[in-house]
Amino acid sequence: MPLLEYFVVFLAVGIVLCGRAHGDVYNSMYSVAPALLNDTSLRSATACDQTYHNTTGVYDYQLCSYPIDGSPFFVFTIHGGWIEMQTSDVTRDMSEDPAGLTPPWSSYYFEGLRSSNNSALHVTATHYDDPTILAIIDPVDPVANPPPAWCVAVHGFSYEEEEEVCVGGADDGLRQATVEAINSAFGDSIAAYDAATTSFCSSIAGQSASNIVNRCKAGLQLEMSSALRSHFSNDEFLRKYFALIVRNTVISVAADSTIPLSS
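Throughout this document, residue positions are counted from 1 along each chain, in the order its sequence is written. Two thresholds apply to this predicted model, a pLDDT of at least 70 for residue-level local features and 80 or more for giving and counting side-chain atom pairs, whereas whole-chain, interface and lining totals are computed over all residues. Values reported for side chains reflect all heavy atoms of the structure, with hydrogen atoms and water molecules removed beforehand.

Sorry, what's going on with the overall build of the protein chain here?
Secondary structure counts use DSSP, requiring at least four H or I residues in a row for a helix and at least two E residues in a row for a strand, with both numbered from the N terminus. Along its length, the protein chain carries six helices and seven strands. Traced from its N-terminal end to its C-terminal end, the protein chain shows the element sequence α-β-β-α-β-α-β-β-α-β-β-α-α. Using C-alpha atoms as the atom set, the radius of gyration is obtained and then compared with a globule rule of 2.2 Å times the number of residues to the power 0.38. Its C-alpha atoms give the protein chain a radius of gyration of 17 Å, near enough to 18 Å, the size a compact globule of 263 residues would have. By principal-axis analysis of the C-alpha atoms, the protein chain measures approximately 50 × 45 × 35 Å. Residue-level accessible areas treat just the shown protein chains as cover; the underlying method is Shrake-Rupley with a 1.4 Å probe. Carbon and sulfur atoms make up 54% of the accessible area of the protein chain, which amounts to about 11400 Å² in all.

Here you go:
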């Protein structure tokens, strides 16, 4: 990617994803006003029976949580539905082993269901304090309800030219293994970059301790370009294979790690 394109991507993702100062309507999900979950003007689909691909515009969002007791793995999207399209789909794919050889993972989805302006529902990951997801990651009684140790956050960033993934999160080994696995599996068709060491990924590297994914023992953040997500929307096999590669990598790294499978 030419240097000018690096700068354009860096600027674009900084504007879209870095927090309310760069355009977020809400300061948090719950605790700091204005908080999205406290906005009574928003309409929530509480039954989790909506499919964002077929949204009617009746609801603004849905928040769906599927915790699995004892699961050491947790995959989630906090910008699902039409906020960052295809992040819900990748999250759902990753939560299940298509061959049924390994147990399902806990999963969580915050999905924009509007017919337009779903970006207004974006709450940046360092301000994301929804009590539902926190109850999974940081339960009141971790002995009775052990939290997952290994977490994957699925995001998207705006870049239409190349099918790329900025692989972030604070766990160095998990991040580097995921970069290697994606590049090995997909060659030149999908390019994965270590967000901690790649300049155009630096604003979406997910390194902060306050990032929701890093509240787990080991956190991995996937930032998929809009070009890649558009491809996924037309190629279900590719999307599922991508999710499986990441899923298997996380399981493999966890198996070799000194980090216990529960926090």
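How should the state of the cysteines be read in this particular structure?
When the sulfur atoms of two cysteines share a covalent bond, that bond is a disulfide. Cysteine sulfur atoms that pair up within 2.5 Å are treated as a disulfide. Counted according to the given criterion, the structure contains three disulfides. Sulfur-sulfur distance for the disulfide between C48 and C64 comes to 2.2 Å. Negative torsions about the S-S bond denote left-handed disulfides, and the value of about -120° found for C48 with C64 makes this one left-handed. Placement of the pair is C48 in the loop between α1 (3-17) and β1 (61-66) and C64 in strand β1, with a sequence separation of 16 residues.

Honestly, the pattern of salt bridges in this entry has me stumped. Any pointers?
As a working rule, side chains carrying opposite charge can pair if their charged atoms are close by. Any carboxyl oxygen of Asp or Glu within 4 Å of a side-chain nitrogen of Lys or Arg constitutes a salt bridge here. Scanning the model with the defined rule gives nine salt bridges in all. K240 serves as the salt-bridge partner of D93, at 3.0 Å between the closest nitrogen and oxygen. On the criterion of sequence distance, the pair formed by D93 in helix α2 (residues 87-95) and K240 in helix α6 (residues 236-256) is long-range, its members being 147 residues apart. Residue classification places D93 among the buried positions, given a relative accessible area of 11%. Only protein chains enter the accessibility calculation, which uses a 1.4 Å probe; a residue whose area is less than 20% of its type maximum is buried, one above 50% is exposed, and one in between is partly exposed. For K240, a relative accessible area of 38% puts it in the partly exposed group. Close ionic contact of R175 with D194 constitutes a salt bridge, the shortest N to O distance being 2.6 Å. Of this pair, R175 sits in helix α4 (residues 172-186) while D194 sits in strand β6 (residues 191-194), and the two are 19 residues apart along the sequence. For the pair R175 and D194, one class covers both residues: buried.

In this structure, what is going on with the nonpolar core? I would like to understand it.
Burial of nonpolar side chains together is a common tendency in soluble globular proteins. What we call a nonpolar core is a set of buried Ala, Val, Leu, Ile, Met, Phe, Trp, Tyr and Cys residues that are connected through their side-chain atoms within 4.5 Å. The biggest cluster of nonpolar side chains holds 32 residues, and the ones touching the most others in it are M94, W150, V152, I190, L222, F242 and V250. Per-element accounting of this core gives the leading share, eight residues, to α6. The contact rule is simple, with two residues in contact once any of their heavy atoms fall within 4.5 Å. I190 has contacts with E163, V165, I182, N183, L228, F232, L238 and F242, leaving out every residue within four places of it along the chain. Counting 25 residues, the second-largest nonpolar core is a separate cluster that includes F76, L121, I136 and C151.

What is the right way to read α4 from this model?
Under the 1.5 Å per step criterion, the end-to-end length of α4 is 21 Å for 15 residues, consistent within 8% with the ideal 21 Å. Along α4, the residues that are buried comprise L174, R175, T178, V179, A181, I182 and F186. Those residues of α4 hidden inside the fold are in contact with β4 (150-157), β5 (164-168), β6, β7 (218-225) and α6. Two N or O atoms count as a polar contact when they lie within 3.5 Å, although within protein this holds only if one can serve as hydrogen donor and the other as acceptor, and sequence-adjacent residues are included solely when both atoms are side-chain atoms. The opening residue of α4, the one whose side-chain oxygen lies 3.4 Å from the backbone nitrogen of G173, is D171. Multiplying 1.5 Å by the residue count of a helix minus one yields the expected span of that helix.

Honestly, the pairing of strand β3 (residues 106-112) in this entry has me stumped. Any pointers?
Consecutive side chains of a regular strand alternate in pointing toward one face of the sheet and then the other. Buried residues dominate β3, accounting for seven of its seven residues. Of the two faces of β3, the one carrying S106, Y108, F110 and G112 and the one carrying S107, Y109 and E111 are both buried. Strands pair, by our definition, only if DSSP identifies at least two bridges between them. One ladder, built from six bridges, connects strand β2 (residues 73-81) with β3; its direction is parallel. Pairing of F76 across the sheet is with Y108, part of β3.

Whenever I open this one, the sheet that holds β3 confuses me. Can you help?
Adjacent strands of a sheet form backbone hydrogen bonds with each other and so pair up, either parallel or antiparallel. Spatially, seven strands are ordered β1-β3-β2-β4-β7-β5-β6 in an open sheet, and the strand pairing comes out mixed. At either end of the open sheet lies a strand with only one pairing partner, and these are β1 and β6. Across this sheet, the average inter-strand angle for adjacent strands is 15°, counted without regard to direction. The pairing of β4 with β7 spans eight bridges and is classified as parallel. By the bridge assignment for β7, V154 is matched with L222. Axis definition: a line fitted to C-alpha atoms, limited for helices to the stretch in contact. Angles are taken between N-to-C directions and run from 0 to 180 degrees. Each of β2, β4, β5 and β7 is contacted by α6, which is oriented at about 160° to β7, the strand it contacts most.

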